Amino acid sequence: MLYHLLYPLHTTFSSFNVFRYITFRTIYATVTALIICFVIGPWLIKKLQSLQIGQPIRDDGPQTHLSKKGTPTMGGILIIFAVVVSTLLWANLTVDYVWLTILVIVGFGLIGFLDDYKKLSGQNSRGISGKVRLAGEVVIALFISIILYLKPGFTSTVTIPFFKTVLPDLGWGYIVLSTFIIVGTANAVNLTDGLDGLAIGPTITCFMTYLLFAYFAGNIKISSYLQIPYVVGTGELAILCGAAFGAGLGFLWFNTYPAQVFMGDVGSLSLGGALGTIAVLTKQEILLAIVGGIFVIETFSVIFQVGWFKVSNGKRIFRMAPIHHHFELKGWAEPKVIVRFWIISILLALLAISTLKLR
Ligand code: 57M
């Protein structure tokens, strides 16, 4: 909105020319989202506490988690609010990619909200049926993927990290891949969200990394220099990534150990869905498996544990899945697991950025 209101005034006040620059607007989108979290966070946490939106804790998990009972959840509402308001303020709203990503943020957030609400009102950890939840996610992701497939200028080729000339064209198969990435990332972030700050840390590194890729992919000169696909309009997604980065930091302020609030499914599904969508829009689809490697590791730890548990009649590979519980049960203090996972996610982000040159 500020872009549309203030940039046209640059003919009278030349300093308003600055609103033209994506870099300027990205920085202030980040700061705006961070400030929104700082200002509204304490109020929202009190509100959630007074509404008794406290997390029920499963008694079959690590014993250290029992003391977390009553910690308010659904802090993701704060993240969504900060990202959406900041993006609406700073982005160029004529770019449809911005609206598609906001649709995923709000749509997946709504599914997560219903899930959280059901868990809290029933005071158990089940929430809405897994099938209904998945169906809702697939409908939204499929809608986005079909729109992109039909959009003139948006190609159905996939960028393979480390290979600059290998760009397989999947045709309509791209719709399937894109839907899988969006839904898969949402659920992977959800699985990771089991220790204070564990999910939001790698989410922040992912948004920072995709901020760069969105800026590069949206710039005709830089994209051609780096030999990555040029996608008109994705530069504006750098602003949304900045807003998500700022909101993530603002949320971490309250979610860091010992957490004053959890993000809930409303937060994890919405952030994960947004990350998947941005990976698709910037045509760096497969790269997300590297940038978001922590989410991939967490998900595979569950797949292997559950698979082995079934075929071996109750034997386990890890002490408990997802893998962060394994380390807790080995005796690592919770902050140690969290910070080590953050360190790995930063390393993975650097590796992902290096693919721009290692090709
Ligand atoms: C949700 N959520 C936390 C909070 C958060 C298939 C199976 C492996 C699925 C998995 C599962 O349900 N994962 C998704 C993970 C929960 O947090 C809430 O959920 C939201 C995110 N969806 O925002 O609202 C608990 O996580 C802890 N937490 C923090 N800090 C945070 O910032 O400490 C969360 C955020 C909170 C809090 O304790 O209550 C969760 O874990 O429920 N299931 C599991 O993770 C379970 N694993 C399991 O059953 N493993 C089995 C195999 C055979 C399937 C095994 O390895 O033996 C464990 N989950 C828990 N206890 N809580 C089992 C034990």
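So, here is what we can say about the structure in this document. (Residues numbered from 1 in each chain as written. Predicted model: local features only at pLDDT ≥ 70, side-chain atom pairs only at ≥ 80, totals over all residues. Heavy atoms only, no water.)

## Regarding the overall build of the chain
So, point 1. Helix and strand counts for the chain come out as 14 helices and zero strands.
So, point 2. Of the regular secondary structure in the chain, the N- to C-terminal order runs α-α-α-α-α-α-α-α-α-α-α-α-α-α.
So, point 3. Its C-alpha atoms give the chain a radius of gyration of 20 Å, within 12% of the compact-globule value 21 Å for 359 residues.
So, point 4. Once the C-alpha set of the chain is aligned to its principal axes, its extents read approximately 65 × 45 × 35 Å. (Helix = DSSP H or I, 4+ residues; strand = E, 2+ residues; numbered from the N terminus. Rg over C-alpha atoms; globule rule 2.2 N^0.38 Å.)

## Topic: the site of the ligand
So, point 1. By nearness alone, 30 residues border the ligand, and Gln 55, His 65, Asp 193, Gly 264 and Asp 265 come closest of all.
So, point 2. Between Leu 195 and the ligand, the recorded distance is 3.4 Å, taken from a backbone N or O atom to an oxygen atom.
So, point 3. Gln 305 is positioned such that a nitrogen or oxygen atom in its side chain is 2.8 Å from an oxygen atom of the ligand.
So, point 4. Relative to its unbound accessible surface of 1,000 Å², the ligand loses 84% to contact with the protein.
So, point 5. Sorting the residues of the shell around the ligand by element identifies α6 (173-192), α10 (264-281) and α12 (293-311) as the ones contributing at least two each.
So, point 6. Of the residues in the shell around the ligand, the class split is eleven nonpolar, twelve polar and seven charged. (Near = heavy atom within 4 Å. Polar contact = N/O pair within 3.5 Å; in protein donor to acceptor, adjacent residues only side chain to side chain. Areas by Shrake-Rupley, 256 points an atom, 1.4 Å probe, with all protein chains shown as cover. Nonpolar A, V, L, I, M, F, W, Y, C, P; charged D, E, K, R; others polar.)

## Focus: the pattern of salt bridges
So, point 1. Applying the stated criterion across every chain, the model contains ten salt bridges.
So, point 2. A salt bridge links Lys 119 to Asp 115; the shortest N-O distance between them is 4.0 Å. In this pair, Lys 119 and Asp 115 are both assigned in helix α4 (residues 96-122), four residues apart and thus about one turn of the helix distant.
So, point 3. For Lys 119, a relative accessible area of 15% puts it in the buried group.
So, point 4. Judged by relative accessible area, Asp 115 falls into the buried class, the value being 2%.
So, point 5. With a closest N to O distance of 3.6 Å, Glu 137 and Arg 133 form a salt bridge. (Salt bridge = Lys/Arg side-chain N within 4 Å of Asp/Glu carboxyl O. Buried < 20%, exposed > 50% of the residue type's maximum accessible area, 1.4 Å probe, protein only.)

## Quick notes on helix α9 (residues 235-255)
So, point 1. Taking 1.5 Å of rise per residue, the 21 residues of α9 would be expected to cover 30 Å, and the 30 Å separating its terminal C-alpha atoms lies within 8% of that figure.
So, point 2. Across the 21 residues of α9, 19 count as buried, placing the element largely inside the fold. (Expected span 1.5 Å × (residues − 1).)

## Observations concerning helix α14 (residues 334-354)
So, point 1. Given a rise of 1.5 Å per residue, 21 residues ought to cover 30 Å, and the 31 Å separating the end C-alpha atoms of α14 matches this to within 8%.
So, point 2. Of the residues making up α14, those classed as buried are Glu 334, Val 337, Ile 338, Phe 341, Ser 345, Leu 348, Ala 349 and Ala 352. The arc that holds every buried residue of α14, seen down its axis, measures 110°, which confines them to one face. What points out from α14, more than 90 degrees from its buried face, is the exposed set Leu 347 and Leu 350.
So, point 3. Elements that come into contact with the buried residues of α14 comprise α7 (200-217), α11 (288-291), α12 and α13 (323-329). (Arc of directions from axis to C-beta. Contact = heavy atoms within 4.5 Å.)

## Topic: the state of the cysteines
So, point 1. On inspection of all chains with the given rule, the structure shows zero disulfides.
So, point 2. Sulfur of Cys 37: no disulfide; nearest cysteine sulfur belongs to Cys 241 and is 16 Å away.
So, point 3. For the unlinked cysteine Cys 241, the closest cysteine sulfur is that of Cys 206, found at 10 Å.
So, point 4. Residue classification places Cys 241 among the buried residues on the basis of a relative accessible area of 0%. (Disulfide = S-S within 2.5 Å.)

## Concerning the layout of surface pockets
So, point 1. The calculated volume of the largest pocket comes to roughly 1,600 Å³.
So, point 2. Along the walls of the largest pocket sit 47 residues, with Arg 58, Asn 190, Leu 191, Pro 322 and His 325 positioned nearest its centre.
So, point 3. Of all the secondary structure elements, the ones that give two or more residues to the lining of the largest pocket are α4, α5 (130-150), α6, α10, α12 and α13.
So, point 4. A per-element tally of the lining of the largest pocket places α12 first, with six residues.
So, point 5. Counted by class, the lining of the largest pocket contains 17 nonpolar, 16 polar and 14 charged residues.
So, point 6. Approximately 440 Å³ is the volume attributed to the second largest pocket.
So, point 7. For the second largest pocket, the lining is made up of 17 residues, of which Phe 180, Gly 184, Thr 185, Ala 289 and Val 296 are closest to its centre.
So, point 8. Of all the secondary-structure elements, those providing two or more residues to the lining of the second largest pocket are α6, α11 and α12.
So, point 9. Examining the composition of the lining of the second largest pocket, we find that seven residues originate from one element, α6, more than from any other.
So, point 10. Its residues assigned to classes, the lining of the second largest pocket comprises eleven nonpolar, five polar and one charged. (1 Å grid on protein atoms, 1.4 Å probe; cavity = no way out; pocket = protein on both sides within 12 Å on 5 of 7 lines; lining within 4 Å. Points joined across faces, edges and corners; volume = space filled by probe spheres on them.)

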